[in-house]
Amino acid sequence: MKNGQKKYSFFYRNGLTIVFLSLFLVTLFAQALTGWKAHNRDLAENHGKSLSLATYLKSGHFISATFENFESEFLQMSLYVILTVGLRQIGSAESKSLDGEEEVDREPKQHKDAPWAVRKGGWILKLYSNSLAICFCLLFLVSWGLHLYGSWQDHNVAQVLRHQSEDSVAAFLTMPEFWFETFQNWQSEFLSVASIVFFTIYLRQKGSPESKPVDAGHMETGK
């Protein structure tokens with residue numbers, strides 16, 4: 001222990017990350033297993049050859065389904081990080097206060113515990129000051145690209161099974177199939193963000209940092 005601080009266990013200090021990563025891995029495995037069986041069933045019905053699980057994990061069907069979801073999540077988080085800088089919602093725990101600057105708005109100052117980029121200053125500090133949004137935007141773009149690749153590959157597998165010619169990626173981008181997959185995920189993410197922004201005005205969860213204190217007024221904005 002240092003400076004009288006309590007010594008917490010590794011799990012206590014990292015519980016949120018551990019639990020959510022564990023849930024992610026379990027559900028990803030479940031998705032892979034059930035997707036593999038469903039895809040092989042579809043292939044069999046169309047007189048195609050069944051795939052091993054290892055081969056399925058490299059298939060367009062799995063890549064598309066996986067990164068279609070990643071893409072929408074990273075889009076949600078990147079927009080949420082960027083738009084909450086300047087936009088407000090009165091009464092929401094997810095909004096900055098309506099008046100004045102908050103702790104997150106302060107100019108970075110050098111001190112012994114500051115991140116390396118803060119101590120370095122200059123363009124590195126400027127980049128670091130926007131690194132969260134940049135990270136989520138890059139993850140979104142990579143996920144969107146892999147979703148496109150996977151959907152295109154899966155589309156061409158279906159084309160071959162129907163004894164039709166394969167399409168180029170440019171041609172596939174003009175078809176509604178990919179954009180239907182894209183927009184049905186995006187709209188659900190926008191709705192979920194709008195829901196937590198709005199519901200935290202009137203509803204509470206004691207002990208959660210995503211909620212206002214239980215006795216806070218409805219129009220009290222911020223945590």
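Look a little higher up for the structure.
Note that this is a predicted model, so its numbers are computed, not measured. (Residues numbered from 1 in each chain as written. Predicted model: local features only at pLDDT ≥ 70, side-chain atom pairs only at ≥ 80, totals over all residues. Heavy atoms only, no water.)

1. Some details on the packing of aromatic side chains
One pass over the full model with this rule turns up 16 aromatic pairs. Of the aromatic side chains, those joined through ring pairs into one cluster are Phe-140, Trp-144, Phe-172, Phe-178, Trp-179, Phe-183 and Trp-186. (Phe/Tyr/Trp six-rings, centres within 6.5 Å; stacked < 30°, edge-to-face > 60°.)

2. Remarks on helix H1 (residues 10-45)
With 36 residues, H1 extends 50 Å between its outermost C-alpha atoms, agreeing within 8% with the 52 Å of an ideal straight helix rising 1.5 Å per residue. The axis of H1 is deflected most strongly, by about 60°, at Leu-16. Taken together, the buried positions of H1 are occupied by Gly-15, Ala-32, Gly-35, His-39, Asn-40 and Leu-43. Looking at the buried side of H1, the elements it contacts are helix H2 (53-56), helix H3 (60-86) and helix H6 (131-161). (Helix = DSSP H or I, 4+ residues; strand = E, 2+ residues; numbered from the N terminus. Expected span 1.5 Å × (residues − 1). Bend = angle between axes of the 7 residues up to and from the residue. Buried < 20%, exposed > 50% of the residue type's maximum accessible area, 1.4 Å probe, protein only. Contact = heavy atoms within 4.5 Å.)

3. What to know about a nonpolar patch on the surface
On the surface, Ile-90, Leu-98, Phe-198, Phe-199, Tyr-202, Leu-203 and Met-219 cluster together into a nonpolar patch covering about 690 Å² of accessible area. By secondary structure assignment, the location of Phe-198 is in helix H8 (residues 176-202). (Patch = residues over 30% accessible without salt bridge, like charges linked within 9 Å, V, L, I, M, F, W, Y side chains within 5 Å. Areas by Shrake-Rupley, 256 points an atom, 1.4 Å probe, with all protein chains shown as cover. Salt bridge = Lys/Arg side-chain N within 4 Å of Asp/Glu carboxyl O.)

4. Structural notes on unusual backbone geometry
A positive phi is found at His-47, a non-glycine position, where the angle reads about 65°. Assignment of secondary structure puts His-47 in the loop between H1 and H2. Residue His-163 is not a glycine yet carries a positive backbone phi of 60°. Mapped onto the elements of the fold, His-163 is located in the loop between H6 and helix H7 (169-173).

5. Points about the pattern of salt bridges
This structure, assessed with the given rule, holds four salt bridges. The partner of Arg-41 in a salt bridge is Asp-42, with the nearest N and O atoms 3.6 Å apart. Of the residues examined, Asp-42 reaches a relative accessible area of 30% and is grouped as partly exposed. Notably, a salt bridge pairs Glu-103 with Arg-106, separated by 2.0 Å at the nearest N-O pair.

6. Describing the environment of Val-160
The residue Val-160 is located in helix H6 in this model. Using a relative accessible area of 45% as the deciding quantity, one classes Val-160 as partly exposed. C-alpha separation for the pair Val-160 and Thr-55, spaced 105 residues apart in sequence, amounts to 18 Å.

7. Comments concerning the environment of Asp-105
Structurally, Asp-105 can be placed in the loop between H3 and helix H4 (116-120). On a C-alpha basis, the gap between Asp-105 and Val-85 in space is 8.8 Å, while along the polypeptide they are 20 residues apart. In terms of polar contacts, Asp-105 uses its side chain to reach the side chain of Lys-96, at 2.8 Å. (Polar contact = N/O pair within 3.5 Å; in protein donor to acceptor, adjacent residues only side chain to side chain.)

8. A word on the packing of H1 against H3
The contact between H1 and H3 brings their axes to 10 Å, and the two run at 140°. Like other packed secondary-structure pairs, H1 and H3 cross with a definite hand, here right-handed. Contact with H1, carried on its side by Phe-24, Leu-28, Gln-31, Ala-32, Gly-35 and His-39, involves His-61, Phe-62, Ala-65, Thr-66 and Phe-70 of H3 and no other residues of that element. The residue inventory of the contact of H1 with H3, partitioned by class, reads six nonpolar, five polar and no charged. (Axes fitted to C-alpha atoms, helices over the stretch in contact; angles between N-to-C directions. Left-handed = near helix turned anticlockwise from the far one by under 90°. Nonpolar A, V, L, I, M, F, W, Y, C, P; charged D, E, K, R; others polar.)

9. Some thoughts on the packing of H3 against H6
At their nearest, the axes of H3 and H6 sit 7 Å apart, and the two run at 155° to each other. One finds that H3 runs roughly antiparallel with respect to H6. Handedness of the crossing formed by H3 with H6: left-handed. (Parallel < 35°, antiparallel > 145°, perpendicular 65-115°, else oblique.)

10. Some details on the state of the cysteines
Disulfides are covalent bonds that connect the sulfur atoms of two cysteines. Taken as a whole, this structure holds zero disulfides when the rule is applied. Cysteine Cys-135 shares no disulfide, and the gap to the nearest cysteine sulfur, in Cys-137, comes to 9.3 Å. You can call Cys-137 partly exposed: its relative accessible area is 29%. (Disulfide = S-S within 2.5 Å.)

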